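The residues making up each chain are set out below.
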Amino acid sequence: PADQIESGSPETGILELPDFAGMSMGVWEHTEGVSTDTEVDEVFIVISGGATIEFLNNDTPPLEVEPGDIVRLAAGTKTRWIVRDHLRKVYLIPA
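These numbers were taken from a predicted model, which means no experiment stands behind them. (Residues numbered from 1 in each chain as written. Predicted model: local features only at pLDDT ≥ 70, side-chain atom pairs only at ≥ 80, totals over all residues. Heavy atoms only, no water.)

Turning our attention to the pairing of strand β3 (residues 23–30). With seven bridges joining them, strand β2 (residues 12–20) and β3 adopt antiparallel strand pairing. Each bridged residue has a counterpart across the sheet, and for Thr12 the counterpart in β3 is His30. Hairpin remark: β2 followed by β3, antiparallel, with two residues in the connecting loop; positive phi at Ala21, about 50°. Pairing of β3 with strand β8 (residues 78–94) involves eight bridges; the strand directions are antiparallel. The partner of Met23 across the bridge, within β8, is Pro94. (Pairing = 2+ DSSP bridges. Helix = DSSP H or I, 4+ residues; strand = E, 2+ residues; numbered from the N terminus.)

In terms of strand pairing, strand β1 (residues 5–7) meets strand β4 (residues 33–38) through two bridges, oriented antiparallel. Looking across to β4, one finds that Ile5 is bridged to Ser35. The pairing of β4 with β8 spans six bridges and is classified as antiparallel. Residue pairing in the sheet places Gly33 in a bridge with Val83 of β8.

A cluster of nonpolar residues, Val43, Ile45, Ile47, Ile70 and Leu92, forms a patch on the protein surface that exposes about 400 Å² of accessible area. Sort the elements by how many residues they give to the nonpolar patch and strand β5 (residues 42–55) lands first, with three residues. Inspection of the secondary structure puts Ile45 in strand β5. Under the relative-accessibility criterion, Ile45 is labelled partly exposed at 38%. (Patch = residues over 30% accessible without salt bridge, like charges linked within 9 Å, V, L, I, M, F, W, Y side chains within 5 Å. Areas by Shrake-Rupley, 256 points an atom, 1.4 Å probe, with all protein chains shown as cover. Salt bridge = Lys/Arg side-chain N within 4 Å of Asp/Glu carboxyl O. Buried < 20%, exposed > 50% of the residue type's maximum accessible area, 1.4 Å probe, protein only.)

Mapped onto the elements of the fold, Glu39 is located in the loop between β4 and β5. Note: C-alpha distance between Glu39 and Asp59 (20 residues apart in sequence) is 16 Å. Those residues within four positions of Glu39 in sequence are excluded, and the remaining contacts are Leu73, Ala74, Ala75, Gly76, Thr77, Thr79 and Trp81. Among the polar contacts listed, one links the side chain of Glu39 to the side chain of Thr79, at a separation of 2.5 Å. (Contact = heavy atoms within 4.5 Å. Polar contact = N/O pair within 3.5 Å; in protein donor to acceptor, adjacent residues only side chain to side chain.)

This is the structure we're talking about:
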């Protein structure tokens, strides 16, 4: 949504896959730019691109992500995604 964009003209896309073993899963992407989000419980693996994830409502230091990184986000965490290279990730979310 436009109210989540902080700079640039980032776009996001999602391909939802069939649920597996009680988990929602899919592929999510974010083009270059900066946006904010409020997270759900999620585990993801970066498959391409790179970004910095800043955590806005706790003291967690920024996290640099690149292909091969595995990350867990907790529900309710407010984040800023600074995407420097078109990011794609495969995600798993408890259904």
